[in-house]
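Structure at a glance
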Amino acid sequence: MSHLSERPENPVVGVPLPHESAALHVTGTALYTDDLVWRTKDVLHAYPVQVMKAHGRITALRTERALALPGVVRVLTGADVPGVNDAGMKHDEPLFPDEVMFYGHAVAWVLGETLEAARLGAAAVEVELEELPSLVTLQDAMAAGSYHGAQPLMETGDIDAGFADSAHVFTGEFQFAGQEHFYLETHAALAQIDENGQVFIQSSTQHPSETQEIVSHVLGVPAHEVTVQCLRMGGGFGGKEMQPHGFAAVAALGAKLTGRPVRFRLNRTQDLTMSGKRHGFHARWKIGFDADGRIQALDATLVADGGWSLDLSEPVLARALCHIDNTYWIPNARVAGRIAKTHTVSNTAFRGFGGPQGMLVIEDILGRCAPRLGLDPVELRERNFYRPAQGQTTPYGQPVTQAERIATVWQQVKDNAGLADRKREIAAFNAAHPHTKRALALTGIKFGISFNLTAFNQGGALVLIYKDGSVLINHGGTEMGQGLHTKMMQVAATTLGIPLHKVRLAPTRTDKVPNTSATAASSGADLNGGAIKNACEQLRERLLRVAASRLGGNASDVRIVGGVARLLGSDQELAWDDLVRTAYFQRVQLSAAGFYRTEGLHWDAKTFRGSPFKYFAHGAAATEVEVDGFTGAYRIRRVDIVHDVGDSLSPLIDIGQVEGGFVQGAGWLTLEDLRWDASDGPHRGRLLTQAASTYKLPSFSEMPEEFNVTLLENATEEGAVYGSKAVGEPPLMLAFSVREALRQAAAAFGPSGASVELASPATPEAVYWAIQAARQADASQGGQAGTGSAADGHAGNGHAGNGQVRLGQSVDGHAGNGHAGNGHAGNGQAAVGRDRTDAEALRGA
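Being a predicted model, the structure only gives us computed values, none of them experimental. Throughout this document, residue positions are counted from 1 along each chain, in the order its sequence is written. Where local features are concerned, this predicted model is filtered to residues with pLDDT of at least 70; where side-chain atom pairs are given and counted, the filter is 80 or more; whole-chain, interface and lining totals use all residues. With hydrogens and water excluded, all non-hydrogen atoms of the structure serve as input to the side-chain values.

Focus on empty space enclosed by the protein
Just so we agree on the cut-off: Put simply, the grid is 1 Å and covers the protein atoms alone, a cavity is a trapped set of points that fit a 1.4 Å probe, a pocket is an open set with protein on both sides within 12 Å along at least five of seven lines, and lining residues have an atom within 4 Å of a point. Grid points are joined across faces, edges and corners, and a volume is the space filled by probe spheres set on the points. Every helix listed is a DSSP run of H or I at least four residues long, and every strand listed is a run of E at least two residues long, numbered separately from the N terminus. Ten residues, namely Ala, Val, Leu, Ile, Met, Phe, Trp, Tyr, Cys and Pro, are considered nonpolar, four, namely Asp, Glu, Lys and Arg, are considered charged, and the remaining ones, Gly among them, are considered polar.
Going through the model one piece at a time under the given rule, you end up with six cavities of 30 Å³ or more. In this structure, the second largest cavity spans a volume of roughly 350 Å³. Mapped onto the lining of the second largest cavity, the elements with two or more residues apiece are β5 (105-112) and α7 (244-258). Element by element, the count of residues in the lining of the second largest cavity is highest for α7, at four residues. In the lining of the second largest cavity, the residues fall into 13 nonpolar, eight polar and two charged.

Structure representation (C-alpha cells):
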C-alpha cells in the first residue's frame, strides 16, 4: 500500500463524526457572508439595473434621475472600470455590457445608503435599447446554427465496421432539461478597502483564487492587493464556481471608488433570473447491438445549451463526452459535441459537471432499447458492463482498472434489495391493479475523479502548531455544507497523531494558501487532504526528532498516538503539549506549507485522448416506484444503494452526501422543470419558473419511503489520501434508477414489450403522457410509445409510423406545432396529439 493511502494506528479518519459546524447550523449561529454586513460600519448596498429584454443594443444610459434620489451614492457603469471590463475567464462576459444578452441582464449597479434606496435608484436609471432578434431555446439555436466554443470529437475503434457487425441498429433523439442550483444562500459579497487601498472581499465562492484573479483584472491591480475569504457557503453545487467573480468585482469596484464597504447580495428572484443553471442537452444517436444485446457501435452528437457566454461550457461538454460510456464497454464509438449559444443566462457548473448529462444519454438509450431487444433492462445493462482483466479502455483511451467493482456494487444491491422476489411481487401487484402500476429499476455508475484540465489537480495547505499544542489548519478548499472541513480536520489529527479537539480550521483565504483550484470535480478532499497530510508529515518528522532526543531513542522508533509520543520497546512517553513546548524551546519550526499534486494524469484536449481521471467512483441503486394511471402521480417506495467511497474518511458525512446527491439527482430528472417564455410577446426570454412556487424542488413528500444506503466495504483506493474516494458528485447519478423505474411503470400500462420514451424531467404530467402513449401502443398492436416535452410547443417531432406511437406535449397545450403529432392513422400507424387538456383531445387523430 502506498504511503498516501496507509492508515496509522487508531486513526481519527474513518470515525463517524457530525459536521464540524452542525451545531452552528441548527442554532442559527453559523456566520455566512451576508451576516457580516451587520458587523460592518457605513456599508453601501449594491442593486442591479436590469434590462427586461432577451437581446438588444444599449443606445443610451442615463443616471441623472437616480443620482438625484435621497440615499443614492453612486451609479457604477463601464466608464468606472479602471482595468478590464470583463467578469469571465474567456473574456466574453462584460461586467458592464453595452449589449443585453438575456432577459434581466444587469447593465449598471446602483450604490445606496440602504438597500431600498439602491433599489429605487436602479428603477430610476433610464436605459434605451435597440431590440435585436433572440434565440431563447436550444432548438432555436440549433436551427439558426448558433454555436460557440470548442467542437470536441471522441473516436475509438471502427464505427462503420461496428454497425456492419450489428444485428440490431436503433436511432433516436433525446432532449433533456437543465437544473437550477437553488442553494439556500444566494450570491453574496462584502468588499472593504484598508488604509493602503488594498481590497478585502468576503465572498460566497467555491473558487476564491479565481475570484481574486477576476477582481484584480477588473480593478487593474496585482493579485497581492486583493484578498478573498470564504467563511462558508449555504450551498454551492457548482453554481458558485465561476459566477460569483463578477458580483464580487462589482462590490470591490464600488468600495474602491467610494472608500466605503460595499455589500452585494442577490434576492432569490434575482439569483434565479441572473445566474446560470445546469446545461440542458440535445442528443442525436445511433446504436448497434449484436444478436446477444452487446453494444457494437455508438454514433452520437451532444449539443449543450451554453447560454449567452462560454463560462465553463467547454469543460462541461468534455466531461459529458467522457462519461457517455458510463459502466458499459463501447468498442466502436464516435461522439461529437457542440455548444449552442442562446440568449439566456450563461449556464455553468452543476454537481456532476456534464457527467450526468453524458451518462443520462446512454442510460436513456438502454432503457428505450431493452424492450425492443426483448431483454430485461437489468440483463441488458449487465451484458454490457466493463469486464476486469480484459484490457478494456474508455472511448477516450483510459484503462478501466477497477471494472470488478461495477459488478460488485451491482450484485450487492441486487442482494440487499431482494430484487428477484420483489420483481415477482410487483408483477403480481400489476396484474391485480389495472390503474396503478409499480416498477423496480437498477442502474449503476462509473464516474471519473479529477479535473479534466490537469493543471487544476493540485492543492495547498498551511498548518500551524502553537506553543500550547493547539493546531490551526488552512487549506484551499471551501466549505459549502458538504463536510470538507470536517474531513480535513480528521486528516490533520490522524497524521499528527492527536485528538480531534486539538485541531481547529480557519476560513479559506487567498493570503494563506495561494493559487488554489476550485472546490469542484469532487476533488476537494483528495487535493486538500493530500496537502494537509503533507504539511502535517513535515511537522511530525520534526517533532519525532525532538521526542527521540527526550526519550533517548531513534526518531524512527517513536510513535505519536492519541496525543502521546512513545518509544517502541519502552514504557517512556511524552505528552503532546510537552513535546510541542520542548520543540519551541529547541527553536524547531512549528509551521509548514503542504502541497499535493495528483500524479499519473495526462490529457490531450485536441485529440480527446488520455487518462484524465485518477480513478473511478462506482455505485448502484435500485428504486421502486408506484404510478397512478389517472394522473401520472408517483411515489418512490424504496431505494437501495451501495456506493464506493474507498475507505471512508468520515462515514456519517459520506452517507449524507450519498443521500443528498441521490435526492438532488431525482429532482433534476423528475421534478425540476425550467420554463422560459419562448413566445414573441414583450416578455420573450423571461424565466417563468423564478420562485419556489413555480419551480418544484424535492421535499419530504418526494423522499423514498424506505431509503437504504450502504458504503462498499474493503474498498481501499490505492494512491488516494488514507485510501478514500471522492463522494460529492457521483451519487447524483444513482437517481437514474428513479427515471428508469418510472419508464418501466408507464410501460406496464401498455402491452408487454412496449418501448416507452420518457421526457426529462419526468414530471407527473410527463409520466401521464407516457402512460397514454403506452396505452395507445396497446391499441396499435405494440411498437414504440413515446413522449416529448418542450417549452416551445414542438415535441418529439410529433409524428409516428410503422407501429410506433409518439405523443407530443408542451406547456402551451399544443403538440407537434398544434397538430395531433402530424399523425396519420392507418397502415398500422397511430398518432396521439394534445391540443387541449380535455378528454376529447386525448383521443388524437
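Moving on from the coordinates now.
Side note on the pattern of salt bridges
Which entries qualify depends on this criterion: Only one rule defines a salt bridge in this text: a Lys or Arg side-chain nitrogen within 4 Å of an Asp or Glu carboxyl oxygen. Accessible area is worked out with a 1.4 Å probe on protein chains only. A residue is then buried under 20% of its type maximum, exposed over 50%, and partly exposed in between.
By the definition in use, this model includes 52 salt bridges. Two residues, R284 and E173, come together in a salt bridge whose shortest N-O distance is 3.8 Å. Placement of the pair is R284 in strand β13 (residues 281-289) and E173 in strand β8 (residues 168-176), with a sequence separation of 111 residues. On the basis of relative accessibility, which here comes to 42%, the residue R284 falls in the partly exposed class. A network of salt bridges, in which partner residues are shared, links E363, D364, R368, R381, R739, E740, R743 and E757.

A few points about the packing of aromatic side chains
Counted only if it meets this: Note on aromatic pairs: the rings of Phe, Tyr and Trp (six-membered ring only in Trp) are paired at centre separations within 6.5 Å, and the planes decide the class, stacked below 30 degrees, edge-to-face beyond 60, tilted for the rest. Definition used: whenever NZ (Lys) or CZ (Arg) falls within 6 Å of the ring centre and also within 35 degrees of the ring normal, the charge is taken to sit over that ring.
Summed over all chains, the structure comprises 19 aromatic pairs. Each ring, one from Y768 and one from W769, has its centre 5.4 Å from the other, and the planes form 75°; the classification is edge-to-face. The same class applies to Y768 and to W769, which are both buried. If you follow R338 out to its NZ or CZ, it ends over the ring of Y147, 4.0 Å from the centre.

So, the side chain of H19
Stated formally: Polar contact is the term for a pair of N or O atoms within 3.5 Å; when the atoms are in protein, one must be able to donate a hydrogen and the other to accept it, and sequence-neighboring residues count only if both atoms are side-chain atoms. When checking whether two residues touch, look at their non-hydrogen atoms; a contact exists if any pair is within 4.5 Å.
Mapped onto the secondary structure, H19 falls in the segment before α1 (22-27). Reaching out from H19, the side chain makes a polar contact with the side chain of E479 at a distance of 3.1 Å. Each residue touching H19, except ones within four places of it in the same chain, is listed here: H25, E479, G481, Q482, G483, T486 and I653.

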